[in-house]
Amino acid sequence: MDGRYVSDLLQKEIVCEVSSLPCQPGLAVVLVGDDPASQIYVKHKVRVCERVGMRSKFISLPNTTSQRVLLDVVSDLNQDNSVHGILVQLPLPKSIQTQLIIESISPDKDVDGFHPYNVGRLSVGHHSFLPCTPRGVLYLLDYYNIPLSGKRCVVVGASNIVGKPLALLLLQRGATVTVCNSLTRDLPLITRTADILFSATGCPHLIGSDSIACGAVVVDIGIHRGEDGKIVGDVDFEACLPKASYITPVPGGIGPMTIAMLLKNTLQAVFSSLGRLYG
């Protein structure tokens, strides 16, 4: 499943949607610290945002930034009418309480979908903003006409950002869902039961060919940069490719879809500010 291709198609659609709006969508991205991987990721988000005609506001703060200063930055963005979406890049320095910062973002501008208000709406099936990665996963499956209703789905990884919201969305689509975590025993015995296997741990090559059933759909959401600089996922792609009916590569699978969904969420925020429904 080619996430780059599908993301490019989406971006072309978004260009047309942006051009039809009475105002230019604005996305603010806040980065605290100098982590090289985060810097690259944020710059890519900003670049793609500008490519589709959105206005980006990149705020880079030093690693020594206090929690109070970051809260003030978020507060200013909440009150800025030209900013429709706010994204604070994670992880934050250990001196800053991540959950407090997430909760300080206006739910109406929470394009990451991490605010407790939006998480609560997700849990009862009344979606506001969906977390970008789970939303991108479902969009990619839909593009390739892979049904979820009645399927046995196994999610490896139970983070608040990916694993948990993805499991909820799968349940809402009629799937039977098993969620595994780092304490799960005999993991391959469970993953081999999956019609569709999702792995989001960041543990390189956790999923080998002995971990999947023949014909399974394999969605690799994990990402890991090795000491040699090479990016790999949770899944041993080459080993699993002959057994899987569909499989996502890393890079080029879910990563581009996450960026595309960030753009979609920002558009949703603009439509909401205009009193209109999106999608």
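What you see is a predicted model; the values in this text were computed from it and never measured. Sequence order sets the numbering: in each chain, residues are counted from 1 along the sequence as written. Residues qualify for local features only when their pLDDT is at least 70, as the model is predicted, and side-chain atom pairs are given and counted only at 80 or more; totals for whole chains, interfaces and linings, by contrast, use all residues. Values reported for side chains reflect all heavy atoms of the structure, with hydrogen atoms and water molecules removed beforehand.

Asker: Quick question: what am I supposed to make of the side chain of Thr65 here?
Answerer: A helix here means a DSSP run of H or I that spans at least four residues, while a strand means a run of E at least two residues long, and both kinds are numbered starting from the N terminus. Inspection of the secondary structure puts Thr65 in the loop between strand E2 (55-61) and helix H3 (67-79). Throughout, a contact is declared for two residues whenever any of their heavy atoms are within 4.5 Å. If near-sequence neighbours (up to four positions away) are discounted, Thr65 is found in contact with Val32, Leu70, Ser95 and Ile96.

Asker: What am I meant to see in the pairing of strand E3 (residues 85-88) here?
Answerer: Remember that side chains alternate between the two faces of the sheet whenever the strand is regular. Of the two faces of E3, the one carrying Gly85 and Leu87 and the one carrying Ile86 and Val88 are both buried. With four bridges joining them, strand E1 (residues 26-32) and E3 adopt parallel strand pairing. Bridge pairing in E3 places Val29 opposite Leu87. Relative accessibility decides the category of a residue: with a 1.4 Å probe and only protein chains considered, values under 20% of the type maximum give buried, values over 50% give exposed, and everything between is partly exposed. Being paired, for any two strands, means DSSP has found at least two bridges between them.

Asker: What should I look at first to understand the sheet that holds strand E10 (residues 246-247) in this one?
Answerer: One key point about sheets: their strands pair by backbone hydrogen bonds, in either a parallel or an antiparallel sense. One open sheet holds the five strands; their spatial order is E5-E4-E6-E7-E10, and the pairing between them is parallel. Every interior strand has two partners, whereas the edge strands, strand E5 (176-180) and E10, have only one. Pairing of strand E4 (residues 152-156) with E5, which is carried by five bridges, proceeds in the parallel orientation. Each bridged residue has a counterpart across the sheet, and for Arg152 the counterpart in E5 is Thr176.

Asker: I'm lost on the nonpolar core in this one. Help?
Answerer: Across soluble globular proteins, nonpolar side chains have a tendency to be buried as a group. By size, the foremost hydrophobic cluster in this structure holds 52 residues, and its most contacted members are Leu141, Leu170, Phe198, Val219 and Ile221. Take this core: its biggest share by element is eleven residues, from helix H10 (residues 254-273). Each residue touching Leu141, except ones within four places of it in the same chain, is listed here: Met1, Ile146, Leu148, Phe198, Val217 and Val219. Residues belong to a common nonpolar core when they are buried Ala, Val, Leu, Ile, Met, Phe, Trp, Tyr or Cys residues joined through side-chain atoms within 4.5 Å. Of all hydrophobic cores here, the second largest spans 17 residues; its members include Ala28, Val32, Ile59 and Ile101.

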